[in-house]
Amino acid sequence: MKRFIGVLSVLALLFLMEVQLGAQNNQYKIDDSCYAIYRQADSLLGKPEADELIERLEKQSRDAGDDKAYTLAAVLRLRHATRFDEEDLILDCFEKAKQVALETGYLQYYFYPYQLVGTFYFNKGQTPRGLDYQVPLYQKI
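Visitor: How should the packing of aromatic side chains be read in this particular structure?
Guide: A ring pair, where both rings are aromatic, is described by two values, the distance of the centres and the angle of the planes. Within this structure, the stated rule accounts for eight aromatic pairs. Ring centres of Tyr 110 and Phe 111 lie 5.2 Å apart, and the angle between their planes is 85°; this geometry places the pair in the edge-to-face category. Judged by relative accessible area, which is 32%, Phe 111 ranks as partly exposed. Measuring from centroid to centroid gives 5.3 Å for Phe 120 and Tyr 121, while their planes differ by 70°, and the two rings are edge-to-face. A relative accessible area of 7% means that Phe 120 is categorised as buried.

Next comes the structure, spelled out in structure tokens:
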């Protein structure tokens, strides 16, 4: 009986270690179910499959009540849009990402869209347009 309890204790300890190790890889500290979807979507940016995963991340983050994951989904959508040459889509995603960041209070993700859009224009050889998307130091949020 003691041996059975010892084996059971070891198995329980191993299970707890596995759960903890899985959470340690979640660098954004978001819901684990959202993080799995985030990683998949991030790896497929620029491919058609990413759209469905980003939508799934938005839904899962709302279901889990995870505002940070919802904000990251908006940023992912913008990152995905910058892979294509549809300026209207990029600017729509830019505005949406800023809006979501303000609503959720994750202001570090308010400023990141400026960098993404500015870089998009710089890479297209449109430096003056890219400079329009540099965050002004005096901008009041």
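Visitor: Sorry if this is basic, but what is going on with the packing of helix α4 (residues 67–81) against helix α5 (residues 87–104) here?
Guide: Geometrically, a packed helix pair is captured by the angle between its two axes and the distance between the axes. Between α4 and α5, the shortest axis-to-axis distance is 8 Å and the interhelical angle comes to 165°. As summarised for this structure, α4 and α5 are arranged roughly antiparallel, according to the angle between their axes. The interaxial crossing formed by α4 with α5 has left-handed handedness. Across the interface between the two elements, Asp 67, Tyr 70, Thr 71, Ala 74, Val 75, Arg 77, Leu 78 and Ala 81 from α4 touch Leu 89, Ile 90, Cys 93, Phe 94, Lys 96, Ala 97, Val 100, Ala 101 and Thr 104 from α5. Split by residue class, the contact of α4 with α5 holds 12 nonpolar, two polar and three charged.

Visitor: I would appreciate a short explanation of a nonpolar patch on the surface in the present structure.
Guide: A cluster of nonpolar side chains, contributed by Leu 102, Leu 107 and Phe 111, occupies part of the molecular surface with about 230 Å² of accessible area. Inspection of the secondary structure assignment puts Leu 107 in the loop between α5 and α6 (108–123). Using a relative accessible area of 35% as the deciding quantity, one classes Leu 107 as partly exposed.

Visitor: Sorry if this is basic, but what is going on with the nonpolar core here?
Guide: Note on soluble globular proteins: their nonpolar side chains tend to be buried together. The biggest cluster of nonpolar side chains holds 30 residues, and the ones touching the most others in it are Leu 57, Leu 76, Leu 78 and Val 117. When residues of this core are traced back to their parent elements, those giving at least two are α2 (32–43), α3 (49–64), α4, α5 and α6.

Visitor: Is there a simple way to explain the confidence of the model for the protein in this structure?
Guide: Note: predicted coordinates in regions of low pLDDT should not be interpreted at a detailed level. Predicted confidence across the protein gives a mean pLDDT of 87, with 78% of residues reaching 70 or more. Across residues 18–22, confidence stays below pLDDT 50; counting only partners more than four residues off in sequence or on other chains, it has zero contacts.

Visitor: Can you walk me through the pattern of salt bridges in this structure?
Guide: It is possible for side chains bearing opposite charge to pair when their charged atoms get close. All told, the structure shown has six salt bridges when counted by the stated rule. A salt bridge links Arg 77 to Glu 58; the shortest N-O distance between them is 3.4 Å. With Arg 77 in helix α4 and Glu 58 in helix α3, the pair connects residues that are 19 residues apart, well separated along the chain. Note that Lys 59 and Asp 63 form a salt bridge whose closest N and O atoms lie 2.8 Å from each other. Of the two residues, Lys 59 and Asp 63 are both situated in helix α3; the distance of four residues between them amounts to about one turn of the helix. With a relative accessible area of 49%, Lys 59 lands in the partly exposed category. Given a relative accessible area of 54%, Asp 63 falls into the exposed group.

What counts, and where the lines are drawn
- Counting restarts for each chain: residues are numbered from 1 in the order of the written sequence.
- Local features in a predicted model are, by the rule used here, given only for residues with pLDDT of at least 70; side-chain atom pairs are given and counted only at 80 or more, and totals for whole chains, interfaces and linings are based on all residues.
- Based on all heavy atoms of the structure, the side-chain values leave hydrogens and waters out of the count.
- Between the rings of Phe, Tyr and Trp (Trp by its six-membered ring), a pair exists once the centres lie within 6.5 Å; its type follows the angle of the planes, with under 30 degrees stacked, over 60 edge-to-face, and the other angles tilted.
- Throughout, exposure labels follow a simple rule: accessible area from a 1.4 Å probe, protein chains only, divided by the maximum for the residue type, with under 20% read as buried, over 50% as exposed, and the rest as partly exposed.
- Orientation is described by lines fitted to C-alpha atoms, with helices fitted over the stretch in contact, and by angles between N-to-C directions that extend from 0 to 180 degrees.
- Helix and strand assignments come from DSSP, with helices taken as H or I runs of at least 4 residues and strands as E runs of at least 2, each series counted from the N terminus.
- Angles below 35 degrees are treated as roughly parallel, those above 145 as roughly antiparallel, those between 65 and 115 as roughly perpendicular, and all remaining angles as oblique.
- Handedness of each helix crossing follows the sense of rotation of the near helix against the far helix: counterclockwise by less than a right angle gives left-handed, clockwise gives right-handed.
- Whether two residues are in contact is decided by their heavy atoms: any pair within 4.5 Å suffices.
- Residues were grouped as follows: Ala, Val, Leu, Ile, Met, Phe, Trp, Tyr, Cys and Pro as nonpolar; Asp, Glu, Lys and Arg as charged; and all remaining residues, including Gly, as polar.
- Here the term patch refers to residues with relative accessible area over 30% and no salt bridge, with like charges joined within 9 Å and nonpolar side chains (Val, Leu, Ile, Met, Phe, Trp, Tyr) within 5 Å.
- Only the protein chains shown count as cover for residues, and the accessible areas themselves come from Shrake-Rupley with a 1.4 Å probe.
- Should a side-chain nitrogen of Lys or Arg be within 4 Å of a carboxyl oxygen of Asp or Glu, the pair is scored as a salt bridge.
- Throughout this description, the term nonpolar core refers to a set of buried Ala, Val, Leu, Ile, Met, Phe, Trp, Tyr and Cys residues connected via side-chain atoms within 4.5 Å.
- pLDDT measures how confident the predictor is about each residue, on a scale from 0 to 100.

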